[in-house]
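# Per-entry structural report
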Amino acid sequence: AQSVTQLGSHVSVSEGALVLLRCNYSSSVPPYLFWYVQYPNQGLQLLLKYTSAATLVKGINGFEAEFKKSETSFHLTKPSAHMSDAAEYFCAVSHLMDTGRRALTFGSGTRLQVQP
Amino acid sequence: EPEVTQTPSHQVTQMGQEVILRCVPISNHLYFYWYRQILGQKVEFLVSFYNNEISEKSEIFDDQFSVERPDGSNFTLKIRSTKLEDSAMYFCASLQGAGDTQYFGPGTRLTVL
C-alpha cells in the first residue's frame, strides 16, 4: 500500500525566505508524485508532478521538487517566498489500481504562512 | 482553460436526508473521481468511475454512497441517508486518460446537522 507523510502541519517563513515543505512516501512500485496547492475556499490546483522522467521537476509559481528515490522523498521548494504563496500544500502519490488507472493518496497537508 | 465545476458550493442537510452532489468534469476526460476531506484531515479517495461503471472504491464508499453519470456531462455523488460524520468537503476530479494528472473541482462543502 502507498502512503505519504508530510512533516510539519504548519510552516511559517518570512517573505523572501526559502520555502521547504517536506514529503516522504512509501510505495511498493515506482510512484508518480504530485504536489497540489489549496488556497482558502478553493479546490486543489496542481503545482507539479513527477512521472519517472527528470528527477528535478519545475512547477508553477516558481516551485520545484526533487524526487530522491534513496530517501523516498519529494520535498517542495521555492527560493523566495511571496505573500501570495500562503496556502495549504498537499503531497500525493499515485498508485496503480486493478483497472490500470490511478487514484491519489494524499498526505495530511502543510499550511504555509508567509510573514511580511 | 477547461475546468471541473461542482454544485452546490455549500449544502446543508438534516441527518437521514438524501443529498446529491453534482460535478461537471472536463469535457474530453474519461475517468472521474470523488474524494472527500473532513475538516482538518487529509483528502481521501472515495471512488473512481470509467466507462459508466465504478472502477474502484475505498472502504469509505459503503452502500450509502452511489455515483452516476446520468448524461454526457454530469457526474453525481449520492448519499442516501446522511450521517453527521458525512460532513466534509467533497471534491470531484477528472482525468483525460492519456496522462496521469487529475484535475479537481472547487469542492462542495456538505454540512449534516
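Residues numbered from 1 in each chain as written. Chains lettered and ligands numbered in written order. Predicted model: local features only at pLDDT ≥ 70, side-chain atom pairs only at ≥ 80, totals over all residues. Heavy atoms only, no water.

This part is about the side chain of Asp85(A). All names here are of chain A. With respect to the secondary-structure elements, Asp 85 resides in the loop between β9 (73-78) and β10 (87-96). Taking the relative accessible area as the measure of exposure, Asp 85 reaches 2% and is therefore buried. Residues contacting Asp 85, with those up to four places away along its chain left out, are Phe 63, Lys 78, Ser 80, Leu 112 and Val 114. (Helix = DSSP H or I, 4+ residues; strand = E, 2+ residues; numbered from the N terminus. Buried < 20%, exposed > 50% of the residue type's maximum accessible area, 1.4 Å probe, protein only. Contact = heavy atoms within 4.5 Å.)

Turning our eyes to something else, we now look at the nonpolar core. Core analysis: the biggest nonpolar cluster contains 27 residues, and Trp35(A), Leu48(A), Leu76(A) and Tyr89(A) have the highest contact counts within it. Elements with a contribution of two residues or more to this core: β2 (10-14), β3 (19-21), β5 (32-38), β6 (44-50), β8 (64-68), β9, β10 and β12 (110-115) of chain A. If you tally residues by element for this core, the top one is β10(A), at four residues. The residues touching Leu48(A), leaving out its near neighbours within four places in the chain, are Leu33(A), Phe34(A), Trp35(A), Val57(A), Lys58(A), Gly59(A), Phe63(A), Glu64(A), Ala65(A), Phe74(A) and Leu76(A). Val4(B), Leu21(B), Ile38(B) and Phe75(B) belong to the second largest nonpolar core, which has 22 residues in total. (Core = buried A, V, L, I, M, F, W, Y, C linked by side-chain atoms within 4.5 Å.)

The next point concerns the packing of aromatic side chains. Per the stated rule, a full pass over the model turns up 19 aromatic pairs over all chains. Each ring, one from Tyr36(A) and one from Phe106(A), has its centre 5.9 Å from the other, and the planes form 50°; the classification is tilted. With Tyr36(A) in strand β5 and Phe106(A) in strand β11 (residues 102-106), this pair connects stretches of sequence that are 70 residues apart. Residue classification places Tyr36(A) among the buried positions, given a relative accessible area of 1%. Aromatic pair Phe106(A) and Phe104(B): ring centres 6.0 Å apart, planes at 80°, arrangement edge-to-face. Taken as a pair, Phe106(A) in strand β11 and Phe104(B) in strand β10 (residues 103-104) lie in two separate chains rather than in one. Note on Phe106(A): relative accessible area 1%, which makes it buried. Linked through ring pairs, Phe34(A), Tyr36(A), Phe90(A), Phe106(A), Tyr33(B), Tyr35(B), Phe45(B), Phe91(B) and Phe104(B) together constitute an aromatic cluster. (Phe/Tyr/Trp six-rings, centres within 6.5 Å; stacked < 30°, edge-to-face > 60°.)

Moving on: the pattern of salt bridges. Residues and elements named next belong to chain A. Applying the stated criterion across every chain, the model contains four salt bridges over all chains. Across the pair Glu 88 and Arg 111 runs a salt bridge whose closest N-O atoms are separated by 2.8 Å. Here the residue Glu 88 occupies a position in strand β10, and Arg 111 occupies one in strand β12, the gap between them amounting to 23 residues. (Salt bridge = Lys/Arg side-chain N within 4 Å of Asp/Glu carboxyl O.)

With an omega dihedral of -10°, the bond running from Thr7(B) to Pro8(B) counts as a cis peptide bond. For Pro8(B), the position within the fold is in the loop between β1 (5-7) and β2 (10-13). One non-glycine residue, Thr72(A), adopts positive backbone phi at about 45°. Of note, Thr72(A) is situated in the loop between β8 and β9. The backbone of Asn51(B) sits at a positive phi, close to 55°, despite the residue not being glycine. In this structure, Asn51(B) sits in the loop between β5 (43-50) and β6 (53-57).

Contacts between chain B and chain A engage 20 residues on the former and 21 residues on the latter. Approximately 1,800 Å² of surface area, both sides summed, lies buried where chain B meets chain A, with 56% of it carried by carbon and sulfur atoms. It is Lys42(B), Asp100(B) and Phe104(B) that lose the most area in chain B upon contact with chain A, and together they represent 30% of the buried surface on that side. There are zero salt bridges connecting chain B and chain A. Our enumeration of links across chain B and chain A arrives at three residue pairs in polar contact (both at pLDDT 80 or more). Of all the secondary-structure elements, those providing two or more residues to the side of chain B that touches chain A are β4 (31-37), β5, β6 and β9 (88-95) of chain B. Of all the elements, β4(B) adds the most residues to the side of chain B that touches chain A, at four residues. (Buried area = accessible area lost by both parts, 1.4 Å probe. Polar contact = N/O pair within 3.5 Å; in protein donor to acceptor, adjacent residues only side chain to side chain.)

A word on the pairing of strand β3 (residues 19-24) of chain B. Residues and elements named next belong to chain B. Burial along β3 is one-sided: Val 19, Leu 21 and Cys 23 are buried, and none of Ile 20, Arg 22 and Val 24, which face the opposite way, are. Strand direction decides the pairing type here: β1 and β3, joined by three bridges, are antiparallel. Residue pairing across strands places Gln 6 opposite Cys 23, the latter belonging to β3. Note that β3 and strand β8 (residues 75-79) share five bridges and pair antiparallel. (Pairing = 2+ DSSP bridges.)

Any functional reading would require information beyond the geometric quantities listed.
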